[in-house]
Amino acid sequence: MSEYNRSGYYGESAGSLNAYVTKVFGHMGIGLLITAAVAFLGYYSASTGGLFLRVLTTAPWLTFVFCIAELGIAIAFGAGLTRFSPAVCRLLFFVYSALTGITFAFLPMYYGLGTFFTAFLFAAVLFVCCAVIGHTTNIDLTRFSGLLSGALLSLVIMTVISLFIPALRNSLFIGYAGLIIFLGITAFDMQKIRSFYYTSTEGYLKENLAIYMAFQLYLDFINIFLYVLRILGSRNSRN
C-alpha cells in the first residue's frame, strides 16, 4: 500500500499548515452560519405566513432562479480562482451560502424539525470523522480521484433517472450511495488542502485556494446533510 509523504514538502512546519486549515474551516463555518441564519429567517417567515412565503407563493419560479444562480456562482468561482481577489471570492461564497439558506428554509416544514436537526447532528459527526481521516492519513487519496469522479457521475445519472422511475426515486439506495460517495470526497478534499498549501505560492492565490477549499468542504457537508436527511425522512415516512 502506497503512502502519502507529508514530510517531503519544503520542510514546512506543521503549525503553519494547521493555521491554514483553521483558516479554511473558519471560512466554511461562516458560510454555514449564513446558510443557517437565512434558513431560520425564511422558515420563520414561511411558518408564520410572512413575506418570504407570500413572495415564493406568488412567484414560485424564483426557486428555479435561485438554483440557476447557485450553479452560476459555482462555475464563476472555479473559473475565476486565479483572477479574482480574495474579497470577490469571499463574496461569491457567502452569496452562495445565502442562496442555499433560502432553499433550505422549506426543509424543516417538509421533513419536520426533529428529523431536520437529527440529520444535522448525524451529518456533523460523519463530516468531522471523515475530515480528520483525510487530514491525518498517510495514504495518498489522489489515486482514488478517478473512482470518486466516476461514482459521482453515476450518482448524478441515477438521480436524473430516478425522476422518471418512482421505484428508484422512493428507494433508499440513492441516499446511501450519495452519502458514502460524499464521505469519501470529504476525506479527499481534506487532503487537497494540504496539497494546495504546499504547492501554491504565497499571496492572493494561496488565500483564494483557502476560500475555495472552504467552499468545497461546505458543499461536501451540505450534500452529506441532504442525503442523511433523505434517509431519515424516508424511514420516518415508512413507520
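Residues numbered from 1 in each chain as written. Predicted model: local features only at pLDDT ≥ 70, side-chain atom pairs only at ≥ 80, totals over all residues. Heavy atoms only, no water.

K.L.:
Talk me through the overall build of the chain; I want residue IDs and the actual numbers.
P.N.:
Of the regular secondary structure elements, the chain holds 10 helices and zero strands. Ordered by position from N to C terminus, the α and β elements of the chain give α-α-α-α-α-α-α-α-α-α. For the chain, buried positions account for 41% of its 239 residues. Pairs at least 24 residues apart make up 85% of the contacts formed inside the chain by residues separated by at least 6 positions. When the accessible surface of the chain is totalled, it reaches about 12,500 Å², and 72% of it is carbon and sulfur. (Helix = DSSP H or I, 4+ residues; strand = E, 2+ residues; numbered from the N terminus. Buried < 20%, exposed > 50% of the residue type's maximum accessible area, 1.4 Å probe, protein only. Contact = heavy atoms within 4.5 Å. Areas by Shrake-Rupley, 256 points an atom, 1.4 Å probe, with all protein chains shown as cover.)

K.L.:
Describe the pattern of salt bridges, with residues and values.
P.N.:
The final tally for this structure, using the stated rule, is three salt bridges. In this structure, Lys-23 engages Glu-207 in a salt bridge whose closest nitrogen and oxygen atoms are separated by 3.1 Å. Here Glu-207 lies in helix α10 (residues 204–238) and Lys-23 lies in helix α1 (residues 14–47), a separation of 184 residues in the sequence. Note that Asp-189 and Lys-192 form a salt bridge whose closest N and O atoms lie 3.6 Å from each other. On the criterion of helical spacing, the pair formed by Asp-189 and Lys-192 is a turn pair, its members being three residues apart in helix α9 (residues 173–199). (Salt bridge = Lys/Arg side-chain N within 4 Å of Asp/Glu carboxyl O.)

K.L.:
Let's hear about the packing of aromatic side chains: which residues, and what values?
P.N.:
Here a ring pair, both rings aromatic, is described through the centre-centre distance and the interplanar angle of the planes. Evaluation of the coordinates by the stated rule reveals 19 aromatic pairs. Ring geometry for Phe-93 versus Phe-215: centroids 5.7 Å apart, planes at 75 degrees, classification edge-to-face. Taken together, the residues span a long stretch of sequence, with Phe-93 in helix α4 (residues 86–104) and Phe-215 in helix α10 at a distance of 122 residues. Taking relative accessible area as the criterion, Phe-93 reaches 0% and is therefore assigned buried. Phe-215 gets classed as buried once you look at its relative accessible area, which sits at 1%. In this structure an aromatic cluster arises from ring pairing among Phe-25, Phe-104, Phe-116, Phe-117, Phe-120, Phe-127, Phe-221 and Phe-225. (Phe/Tyr/Trp six-rings, centres within 6.5 Å; stacked < 30°, edge-to-face > 60°.)

No statement about biological role is implied by the geometric values presented.
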